Amino acid sequence: MNWSSVTLLVKRQFKEHRKLYLIALTLLVGLLAFMFLLIHNWRDSFTGAVENGVFLIGLFLSGGLFTNTMFKEFSSKSEGIWLLNMPATSFEKVLAAVLLSSLGFLMVYACVFLIVDELYLILTQQDRSAFDLFRNGFHEFIFIYLIFNGLVLLGRVTFVKYSLLKTMVLII
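Bear in mind the structure is a predicted one, so any value in this text is a computation, not a measurement.

What counts and how
- Residues numbered from 1 in each chain as written.
- Predicted model: local features only at pLDDT ≥ 70, side-chain atom pairs only at ≥ 80, totals over all residues.
- Heavy atoms only, no water.
- Helix = DSSP H or I, 4+ residues; strand = E, 2+ residues; numbered from the N terminus.
- Buried < 20%, exposed > 50% of the residue type's maximum accessible area, 1.4 Å probe, protein only.
- Contact = heavy atoms within 4.5 Å.
- Areas by Shrake-Rupley, 256 points an atom, 1.4 Å probe, with all protein chains shown as cover.
- Axes fitted to C-alpha atoms, helices over the stretch in contact; angles between N-to-C directions.
- Parallel < 35°, antiparallel > 145°, perpendicular 65-115°, else oblique.
- Left-handed = near helix turned anticlockwise from the far one by under 90°.
- Nonpolar A, V, L, I, M, F, W, Y, C, P; charged D, E, K, R; others polar.
- Core = buried A, V, L, I, M, F, W, Y, C linked by side-chain atoms within 4.5 Å.
- Salt bridge = Lys/Arg side-chain N within 4 Å of Asp/Glu carboxyl O.

Draft legend 1. View of the overall build of the protein chain. Counting its regular elements, the protein chain contains six helices and zero strands. Helices and strands in the protein chain line up, N terminus first, as α-α-α-α-α-α. Out of the 172 residues in the protein chain, the part that is buried amounts to 37%. For the protein chain, the proportion of contacts with a sequence separation of at least 24, taken over those separated by at least 6, is 71%. Approximately 10,900 Å² of the protein chain is accessible, and the part contributed by carbon and sulfur atoms is 71%.

Draft legend 2. Expanded view of the packing of helix H2 (residues 50-67) against helix H5 (residues 140-158). Between H2 and H5, whose axes approach to 9 Å, the crossing angle comes to 25°. Of the possible angle classes, the one that applies to H2 and H5 is roughly parallel. In this structure, the crossing between H2 and H5 has a hand that is right-handed. In contact with Phe55, Leu56, Leu59, Phe60, Gly63, Gly64 and Thr67 of H2, H5 contributes Phe141, Ile142, Ile144, Tyr145, Phe148, Asn149, Val152 and Leu153. Across the contact of H2 with H5, the residue classes break down as 11 nonpolar, four polar and no charged.

Draft legend 3. Inspection of the nonpolar core at higher detail. By size, the foremost hydrophobic cluster in this structure holds 30 residues, and its most contacted members are Leu32, Val54, Phe55, Leu59, Met70, Tyr109 and Phe113. If you list the elements that add at least two residues to this core, you get helix H1 (3-41), H2, helix H4 (90-123) and H5. In terms of residues, this core owes the most to one element, H4, which gives 10 residues. Aside from chain neighbours lying at most four places away, what touches Leu32 is Val54, Tyr109, Val112, Phe113 and Val116. Core analysis: the next-biggest nonpolar cluster, separate from the first, contains six residues, Met86, Ala88, Leu95 and Ala96 among them.

Draft legend 4. Representation of the pattern of salt bridges within the structure. Summed over the entire model, instances satisfying the criterion amount to one salt bridge. A salt bridge links Arg12 to Glu16; the nearest nitrogen and oxygen atoms lie 2.8 Å apart. Residue Arg12 and its partner Glu16 are located together in helix H1, separated by four residues, close to a single helical turn. Given the relative accessible area of 15%, Arg12 is considered buried.

Here's what the structure looks like:
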């Protein structure tokens, strides 16, 4: 395994899909802001750690959609052959996709969530809430997300058309 090949594969993914990723990042900020707005509007209806719920809903929705963009070249035979003929081993291609879609996305999502959460607290003039990823075993959901992410990535490679929908049906 050559780490420079994995790094080049990740850079290639960013270069080829940078517009999509910028639009998705903007959409992610909007989605999180919208969920916080809903919670603020009906704050009397929600009790407990609602930030944890927003974190998980956003993570699984956006993470599943982002992971589904990996290996989308396999949807078309000509692009799939191009991907297979890239000068990197299959393991390096899969490793680059897994690192980018699981760990990379998780870090970006956590940063975006914390920024939007902080803006929400400032705009609503609320005290700092007790969002703690490691309280009450909440971090276990991160491991569940990583398994979910792997299943979505496997579904993306397995199914040519409607891969996310077919994968969700199989998971459920």
